[in-house]
Amino acid sequence: MKEHRIPLAGSWRSVGELYTEITNPADGRVVSRVPALERQDVDAAVSAAQEALRTSDWAWDGRLRADVLLQWADRLADRVDEIAERLVLENGKVRREARFEVANQIQVIRYNAGLARSLAGRSHSLGRHVAGLVTVEPMGVVAVISPWNWPIALLTRDLAPALAAGNAALCKPASQTAGATADFLATLAEVGDLPPGILSVVTGSGSRVGQAMVEHPGINMIAFTGDGSTGQRILRDAAPTFKKVVLELGGKSPFVICADADLDKAAGELASAIFTTTSGQICTAPSRALVEASCFEEIAERLCSIVANIKLGDGLNENSTMGPLTTREQYDKVVRHIREAKQNCRLLAGGDIPEAASVNDGLFVGPTIFTDIPPGAPLLHEEIFGPVLTLQSFSTDEEAVALANSTSFGLSAAVFCRDLNRTMRLSREIRAGTVWVNTYNRFYPETEVGGYGDSGIGRMAGESGLREFTQTKHINLDFTPGTIRVGRVG
Ligand code: NAP
């Protein structure tokens, strides 16, 4: 069991009398303790952030920020394995995925370091003696609130551009994975050139410190990734203080397979994205496969044979290819959906649930595939956030698009097809922030992500992601002769 310390309001806070215990979802053992903060700690972190922005060059000097981010990336590179192991212990994901998640942030941070140096405004000539200077400023103090499924990646996706743009940040990690996140953020807090107070880590429950941050008048923006119901709550709680809110929420992504596609690749990418990647606990999980009728049986067979070879087990065991679900609530929710679906859908694979899994058995649920699902069934439109796939068939492209767009979400989608005209038509007509063609779950720091409909508000990553953390000011300059004088030096 490890006790984690956190950077808070310009100094370090260790585990004191109030703390949160984190358990390993593979066996129920307590693996970490983190400080459980209170509302007054949020006040202290906000005051320190405001003071740091007022007294340091952080908000004004993109080169300083780039330098700090690059130093962070270098430090992180030395600690990937250690942080990844903590992530396996707290989240349950397999070690290969955890390592990828942590190591991949190095390039995200470096990309944002580059943006910090190139963030620029523009000028307009608005008359013989009038200029308009359009400047780009940071929002101020930003709260980054993140979930437990990809806790390091989803935090960095917001934090790196927030810092690159010159903001101070309060990070509220998900409680289930707060130890791994604290270790990860310690690599930034230890960078000597980071002005004290620019980064605080606010561990504690969402309903206490999370809500305190959302309501705080000194916080100028919330960047939230998580569940839609929490997102709605945040919008309501942020309204009295008019702060900017960016939301990255859930999904119910369609995965369209046309008969001419590389069917082996399609089945392999689908199984990886809905089953072995974080046990289906990923917002982009392609939980609805839409398969052209003429290749439906072939795809179903391929999926069943892939599933038969998936090895469910502790993420630290090198033989495991899929870990447990991360939280007891998530386990109960997935099990409930599977039990209900078994009543009125045809089960193609999996679906075995131990009658009453005790915490020490681990929160394991195997890959499960259903077909012949009645229209309107919850399985077709609710986000399950687990290894549960539905298979539906289509005969025309119009039908494929109608099925793809039949939920309130619009986060991501896939089109597997060899015909370029057909691929482009489907990709354009599916309402989703990302459409992957003949591949899935490819994320790059350069390219935006975000949702249509219930999947969110705003865009993360890429240049638009950075711009979310800025505000624009117009300085209008009248330099008619006699109205302005350039002062002498000295
Ligand atoms: P969640 O329950 O909404 O929690 C997310 C974060 O919000 C946690 O840090 C949580 O703290 C905090 N929180 C809870 N109540 C709050 C409140 N009233 N005010 C402020 N903060 C509050 O989501 P989750 O269960 O961790 O994550 C799963 C969900 O995230 C799924 O719906 C998934 O689709 C979505 N997700 C979306 C994306 C995307 O990019 N679109 C990516 C990944 C996940 P505690 O941990 O202390 O409760």
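None of the values given here were measured: they were computed from a predicted structure. (Residues numbered from 1 in each chain as written. Predicted model: local features only at pLDDT ≥ 70, side-chain atom pairs only at ≥ 80, totals over all residues. Heavy atoms only, no water.)

**What to know about the sheet that holds strand 4 (residues 19–23)**
Stage number 1. Taking strand neighbours across the sheet as the criterion, the 3 strands line up as 1-5-4 in an open arrangement whose pairing is mixed. Of all strands in the sheet, those bounded by a partner on one side alone are strand 1 (2–3) and strand 4.
Stage number 2. Taken together, the 2 bridges between strand 1 and strand 5 (residues 30–35) define a ladder with parallel strand orientation. Along strand 5, the bridge assignment pairs lysine 2 with serine 32.
Stage number 3. Contacting strand 1, strand 4 and strand 5, helix 3 (residues 80–91) crosses the sheet at an angle of about 105° to strand 5. (Pairing = 2+ DSSP bridges. Helix = DSSP H or I, 4+ residues; strand = E, 2+ residues; numbered from the N terminus. Contact = heavy atoms within 4.5 Å. Axes fitted to C-alpha atoms, helices over the stretch in contact; angles between N-to-C directions.)

**Observations regarding the pattern of salt bridges**
Stage number 1. Inspection of every chain in the model, using the stated rule, returns 29 salt bridges.
Stage number 2. Here aspartate 27 ties to arginine 29 by a salt bridge, and the two come within 2.9 Å at their closest N and O atoms.
Stage number 3. On the basis of relative accessible area, aspartate 27 is assigned to the buried category, the value being 19%.
Stage number 4. Residue arginine 29 is classed as partly exposed on the basis of its relative accessible area of 46%.
Stage number 5. The closest approach of N and O atoms between glutamate 137 and lysine 473, which form a salt bridge, is 2.9 Å. Of the two residues, glutamate 137 is situated in strand 7 (residues 130–138) and lysine 473 in strand 23 (residues 470–478); the sequence distance between them amounts to 336 residues.
Stage number 6. You can call glutamate 137 partly exposed: its relative accessible area is 22%.
Stage number 7. By sharing partners, the salt bridges in this structure join Arg5, Arg75, Arg79, Glu82 and Glu190 into a single network. (Salt bridge = Lys/Arg side-chain N within 4 Å of Asp/Glu carboxyl O. Buried < 20%, exposed > 50% of the residue type's maximum accessible area, 1.4 Å probe, protein only.)

**Quick look at the packing of aromatic side chains**
Aromatic ring pairs: the centre-centre distance and the angle between the two ring planes describe each pair.
Stage number 1. Tallied over the entire structure, the rule returns 7 aromatic pairs.
Stage number 2. Plain terms: the ring middles of tryptophan 148 and phenylalanine 385 are 5.6 Å apart, the flat faces sit at 70° to each other, and that makes the pair edge-to-face. You can see tryptophan 148 sitting in the loop between strand 8 (141–145) and helix 5 (151–164) and its partner phenylalanine 385 sitting in the loop between helix 12 (378–381) and strand 17 (388–394), a full 237 residues away along the chain. Judged on exposure class, the residue tryptophan 148 and its partner phenylalanine 385 are both buried.
Stage number 3. With a centroid separation of 4.9 Å and an interplanar angle of 20°, the aromatic rings of phenylalanine 255 and phenylalanine 416 are classed as stacked. Of this pair, phenylalanine 255 sits in strand 13 (residues 254–257) while phenylalanine 416 sits in strand 19 (residues 412–416), and the two are 161 residues apart along the sequence.
Stage number 4. Residue classification places phenylalanine 416 among the buried residues on the basis of a relative accessible area of 1%.
Stage number 5. Through successive ring pairs, a cluster of aromatic residues spans Phe255, Phe416, Trp436, Tyr440 and Phe443.
Stage number 6. Taking NZ or CZ as reference, lysine 93 lies 3.9 Å from the ring centre of tryptophan 150, over its face. (Phe/Tyr/Trp six-rings, centres within 6.5 Å; stacked < 30°, edge-to-face > 60°. Lys NZ or Arg CZ within 6 Å of the ring centre and 35° of its normal.)

These figures capture arrangement, not role.
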